[in-house]
Structures are given as C-alpha cells and as structure tokens.
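# Examination of the molecular architecture
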Amino acid sequence: MSKGIIVAIDGPAGSGKSTSAKMVAKKLGYLYIDTGAMYRAMTYLAIKNNILDDEEKISELAKSSKIELEFVNDETKVFVNGKDITNSIRTVEVNNHVSDISKIKQLR
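Residues numbered from 1 in each chain as written. Predicted model: local features only at pLDDT ≥ 70, side-chain atom pairs only at ≥ 80, totals over all residues. Heavy atoms only, no water.

On a plain count of helices and strands, the chain comes out with four helices and three strands. In the chain, the succession of α and β elements from N to C terminus is α-α-α-β-β-β-α. For 108 residues, the compact-globule estimate of 2.2 N^0.38 gives 13 Å, and the chain sits close to it at 14 Å. C-alpha extents for the chain along the principal axes are approximately 40 × 35 × 30 Å. Long-range contacts, defined here as pairs at least 24 residues apart, represent 54% of the contacts in the chain between residues at least 6 apart. A total of about 7900 Å² of accessible surface is found on the chain, and carbon and sulfur atoms cover 50% of it. (Helix = DSSP H or I, 4+ residues; strand = E, 2+ residues; numbered from the N terminus. Rg over C-alpha atoms; globule rule 2.2 N^0.38 Å. Contact = heavy atoms within 4.5 Å. Areas by Shrake-Rupley, 256 points an atom, 1.4 Å probe, with all protein chains shown as cover.)

Tracing the backbone shows I5 in the segment before α1 (17-28). Residues I5 and Y44 lie 39 residues apart in sequence; the distance between their C-alpha atoms is 30 Å.

What follows deals with the sheet that holds strand β2 (residues 75-80). The three strands are arranged β1-β2-β3 in an open sheet whose pairing can be described as antiparallel. The sheet is open, and its two borders are formed by β1 (67-72) and β3 (83-84), each paired with just one other strand. Inspection of the sheet shows β2 paired to β3 by two bridges, in the antiparallel sense. Of the residues in β3, the one forming a bridge with F79 is D84. Across the sheet, helix α2 (residues 35-48) lies against β1, β2 and β3, angled at about 135 degrees from β1, the strand it touches most. (Pairing = 2+ DSSP bridges. Axes fitted to C-alpha atoms, helices over the stretch in contact; angles between N-to-C directions.)

In this model, N50 sits at a positive phi of 55 degrees, which is unusual for a non-glycine residue. Along the chain, N50 falls in the loop between α2 and α3 (55-64). By relative accessible area, N50 is classed as exposed at 71%. (Buried < 20%, exposed > 50% of the residue type's maximum accessible area, 1.4 Å probe, protein only.)

Below, the discussion takes up the packing of α2 against helix α4 (residues 92-102). Close contact between α2 and α4 brings their axes to 8 Å; oriented N to C, the two are set at 110 degrees. When the interaxial angle is binned, α2 and α4 end up roughly perpendicular. In this structure, α2 uses Y39, R40, M42, T43, Y44, A46 and I47 to contact α4, whose residues at the interface are E93, V94, N95, H97, V98, I101 and S102. Its residues placed into classes, the contact of α2 with α4 shows eight nonpolar, four polar and two charged. (Parallel < 35°, antiparallel > 145°, perpendicular 65-115°, else oblique. Nonpolar A, V, L, I, M, F, W, Y, C, P; charged D, E, K, R; others polar.)

Another point: the nonpolar core. By size, the foremost hydrophobic cluster in this structure holds 20 residues, and its most contacted members are M42, I58, I85, I101 and L107. Of all elements in the fold, only α2, α3, β2 and α4 reach the threshold of two or more residues within this core. Residue contributions to this core peak at eight residues, all from α2. Sequence-distant contacts of M42, defined by excluding residues within four places in its chain, comprise I58, L61, A62, I67, I101 and L107. (Core = buried A, V, L, I, M, F, W, Y, C linked by side-chain atoms within 4.5 Å.)

Now the structure itself:
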C-alpha cells in the first residue's frame, strides 16, 4: 500500500486553520479536504433526523449518506445525497452540536 503525505492542522475555532490549509494546499498542489465540513454535514443530518443523542443511529446514517465536498472558487461546497447544504451547515444550531458529533469514534 502506498502512503501519501497528509498534513493536519489543529487549533481553536476561528483561528484560521481552514484559510491556512487552503492556501498551503493550493501552493503545494495538494488536495484540500475540509473534515470540519464533513462533521458539520453529519451534525446537520443528525439534527434533521432528530437523532443527536443516538451515536448508533448517527453512525448508520453516515454509512447510508453520500457526502461530497467540492472545492470551487476557493470555497468548499458540501453536498449530501446530491443536495447542496453548504449554507445549512453554518448555522448556530449546527455550531452548537458539531463538537459532540465529531467525537463519535465511528465517524472518525
């Protein structure tokens, strides 16, 4: 199995991680993957399905959902099952729950 280079940037919310990562990826010709957007997408789905407190159901939902990220004009577009939810994942409600969702081992 071939191993590629993976660069991860960790830090507090609002510290510029995504902005820095996008710039570095672009400069080096690397693929930029916004894992935060992926966790936000799952949080959005958990809220919509009223399963925020059920890790097993959230895990099952993740397996049955198709999450796609598309980097267009320096912006990550987020699609779930073909539907653009880019704006929907940036709400206060998603912000309030994304930390808990991102801790679920099955999603990591």
